[in-house]
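Listed here are the chains, written in short residue letters.
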Amino acid sequence: MNEESPTLSALKLRVAAMERRAPVGKAVRVATGHGDIDAALAGGIARGRLHEIFALEGGDAGSATGFAGMLSIRLGGGIVWLREESAVRGGGHLHAPGLVEIGVDPARLLLGVLPNALSVLRAAADVVRCAGVGVAVIELHRDPKVLDLTASRRLALAAEESGVAALLLRIAATPVASAADTRWAVRSCASQPLPANAPGHPTFDLELLRQRGRGADGRWQVEWNREQAVFTSPTPSGVVVAVPARRPAAAPIPLRRAG
Amino acid sequence: MPDDAPFVCVETVRGALRIASVDPQALDKGLSPGMALADARAQLPELAVVDADPFADHGWLERIADACDRFTPLVALDGGDGVTLDITGCAHLFGGEAALVAEVEARLARFGTLRHALADTPDAAQALARFQSAPAASEAAAIRRLGVAALRLDDEIAVALRRAGLRTIGDLASRPTAPIAARFGEETVAALARLLGDADQRLRPRRALPALFFERRFAEPIARDADVLATIGDLAAEAEAELTARDRGGRRFAVRLYRADGALRDLAVESGLPLRDPPSILRLFRERIDALADPIDPGFGFDMIRMSVPALEPLAPTQLQLEGGAVSEEAMAALVDRLTTRLGRGRIARVAPGDSHLPEQGVLTIDAIDAPVPTGWDAPEKGEPPLRPIHLFDPPQRIEVMAEVPDGPPHRFRWRRVLHDVIRFEGPERIAAEWWRRGQAKVRTRDYYRVEDVRGRRYWIFRHGLYDRETPDPLWYVHGVFA
């Protein structure tokens, strides 16, 4: 058929109107700065999609939160971060000076602390639908019943319509079927030590568990470079020598300004 | 309690039970407020007695005042038993003063027996309502006939006036004021001037008068939410016309629903930026009504709806920017309004730097609807790793630590029943108490360490107190987790 009959195109329009969906174009992809990851993602992480970030163990919450914050910086725009009250009690406050330290500008941040997972998802539906938002971070702990395939489909559809990047941050949760574009597991990873054996820059072990439409997966160790706002591969710096865990007190300690 | 028995309320005055108020029947039998209950009982053994409850009385009066709110926005409470309405310019809306009085009486009938009076000044009206016993030719004559009790001064002054032969307001008014002031005090003259309308006396309304208000009255009460919302939409359109004419907008819109039986329901929405666009206002009200924990109960319907804009703020006509910058900011502001309307205050916040170096006090969370975009965060130093954690525990969590005494770094710690071996650390970063604040002198110094354990997890832990100088056995806490 060379040309659609007018009736058919009219019908298609009506169906589109019923589904309330603009024809979805190609997603805008934002490079992470890490060559291998960008290659695996066909150019980078997509705006207007739902992405899941898992801390499979509660102990990795800090790393997963950091990764979500760093991705938000890459993706750009205003950040709306939604959390549960129980998360604040169990996992601590989202600490703004700490976000500043990874490069987030708090002026771009709106923080919502809501009573439970259901209210988080309800608010998230509103946030993700609002095209003025850059990134919506939806933080849910454990496996709330309300977060099922339907809920994640709803978020994914809203994100496609508005172009908002939705990051579903799941702490101490197990991956289940969802409508996410990509799914990541974040684990903490030993950092490249700074002089005097000080803990170094944020370093993660990233695993791409799943990618919609592409079978590719992979696992990388990445370090976050705050100044350039890119993920890089950790490179051992030359000055470091192996130091035993208990340093002999007599060893000369190169000084570093702290605080 | 038998219904027909005389009835009094009592209160304890200086250890004795005295009558606080009486019902008409008890009044007929010669009881009056201030009498000792024992005397009253002696006169009327069948007397029914309850404790006076001033708070309940006040609540009752507030409800009467609420019910009067529909007649005029200027309603003031008058002592513990009166309500004063400023009906200047309102009477014609009800078809004249007589019709207004009739409507007030009809609406307030369910509150019990009420007395009323109309007068040129608040004090005159209050005195006439309380003390007038027989009709008079004119307001001035009626006031002159009132007893000196109508001045509502201390009992002592009233008694002194009567002893001096001054029984009515007229007696007082016909005499020069200087001797009266000298003998009975300045307040007597002032009260007299207020009553006669010689002194300027203003009503103190219960609520501040809103900058703008619009109302709709219905011949037939309406009950459905949809009708209520449609009316709110109409009122918002009226408000828009007025606000546009003044280049103003409002950040708060309040709607009051007047039920036919006198009950009220208040709804209010707020926005971060000044607003006057009717669809936006209506959308916020729809959110508000949807989010109500107890739905609007229309009863027999609402017969009046009033929308008020308490304060106006400048709002120039807007033009969309081609770059889209302003659009996205406006979209964010609208989102904040919507979420705040639905979830209530204290949920959606912005963070601003706090004026304290104590980590747990270094951040202020401000309702996003109130806050301008906060600034003033210090940029982190180049090339440094994060020195502040991304999650902060408040309060800090206790850990057991193996560290060298007196001030060695931690080697190993147990947190949430898991053992962590420290392989890298940096510190201490000493954060002292804010000794310049009251009560902070005894607070202990904290030595913070950034540590990394074998599994690559990074923590912010501190020793609480300097060994031996502040405490013999400092405890350790984990205060945060790094990315």
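Right, let's walk through the structure included here. Since this is a predicted model, take the numbers as computed values, not measurements. (Residues numbered from 1 in each chain as written. Chains lettered and ligands numbered in written order. Predicted model: local features only at pLDDT ≥ 70, side-chain atom pairs only at ≥ 80, totals over all residues. Heavy atoms only, no water.)

**Here's the deal with unusual backbone geometry**
- Residue P395(B) is bonded to the preceding D394(B) through a cis peptide linkage, with omega at 5°.
- Along the chain, P395(B) turns up in strand β13 (residues 391–403).
- The step from V405(B) to P406(B) runs through a cis peptide bond, and the omega angle for that step is 5°.
- By the element assignment, P406(B) lies in the loop between β13 and β14 (410–415).
- Located in the positive-phi region is A172(A), a residue other than glycine, with phi close to 50°.
- Summarising the element assignment, A172(A) is placed in the loop between β8 (165–171) and β9 (182–188).
- The exposure class of A172(A) is partly exposed, given its relative accessible area of 26%.
- Despite not being glycine, D247(B) has its phi angle at roughly 55°, a positive value.
- By relative accessible area, D247(B) is classed as partly exposed at 36%. (Helix = DSSP H or I, 4+ residues; strand = E, 2+ residues; numbered from the N terminus. Buried < 20%, exposed > 50% of the residue type's maximum accessible area, 1.4 Å probe, protein only.)

**Quick look at the sheet that holds strand β6 (residues 109–114) of chain A**
- The strand order across the open sheet formed by eleven strands is β12(A)-β11(A)-β10(A)-β9(A)-β3(A)-β8(A)-β7(A)-β4(A)-β6(A)-β11(B)-β12(B), and the pairing between neighbours is mixed. In this open sheet, the two edge strands, each paired with only one partner strand, are β12 (230–232) of chain A together with β12 (363–367) of chain B. Across the sheet, the mean angle from the axis of one strand to that of its neighbour is 30°, orientation sign disregarded.
- Note that strand β3 (residues 50–55) of chain A and β9(A) share four bridges and pair parallel. Looking across to β9(A), one finds that E52(A) is bridged to R183(A).
- In the packing of helix α3 (residues 61–75) of chain A onto the sheet, contacts are made with β3, β4 (79–84), β7 (135–141), β8, β9, β10 (203–211), β11 (218–225) and β12 of chain A, and the angle to β8(A) comes to roughly 175°. (Pairing = 2+ DSSP bridges. Axes fitted to C-alpha atoms, helices over the stretch in contact; angles between N-to-C directions. Contact = heavy atoms within 4.5 Å.)

**Some details on the interface of chain A and chain B**
- Counting residues at the interface gives 65 residues for chain A, matched by 58 residues for chain B.
- The contact between chain A and chain B buries some 5300 Å² in all, and 57% of this surface belongs to carbon and sulfur atoms.
- Taken as a group, H95(A), L110(A) and P199(A) account for 12% of the area that chain A buries against chain B, more than any other trio of residues on that side.
- Viewed at the interface, chain B and chain A are joined by six salt bridges.
- In this assembly, chain A and chain B are joined by 26 residue pairs in polar contact (both at pLDDT 80 or more).
- Going through the elements one at a time, α3, β4, α4 (85–91), β5 (93–94), α5 (96–102), β6, α6 (117–129) and β10 of chain A are the ones with two or more residues in the side of chain A that touches chain B.
- The greatest single-element share of the side of chain A that touches chain B, amounting to seven residues, is contributed by α5(A).
- Classifying every residue of the side of chain A that touches chain B by side-chain character gives 32 nonpolar, 21 polar and twelve charged.
- In this sheet, strand β11 (residues 348–353) of chain B lies alongside β6(A) in antiparallel orientation, the contact comprising two bridges. Paired with L111(A) across the strands is A349(B), a residue of β11(B). (Buried area = accessible area lost by both parts, 1.4 Å probe. Salt bridge = Lys/Arg side-chain N within 4 Å of Asp/Glu carboxyl O. Polar contact = N/O pair within 3.5 Å; in protein donor to acceptor, adjacent residues only side chain to side chain. Nonpolar A, V, L, I, M, F, W, Y, C, P; charged D, E, K, R; others polar.)

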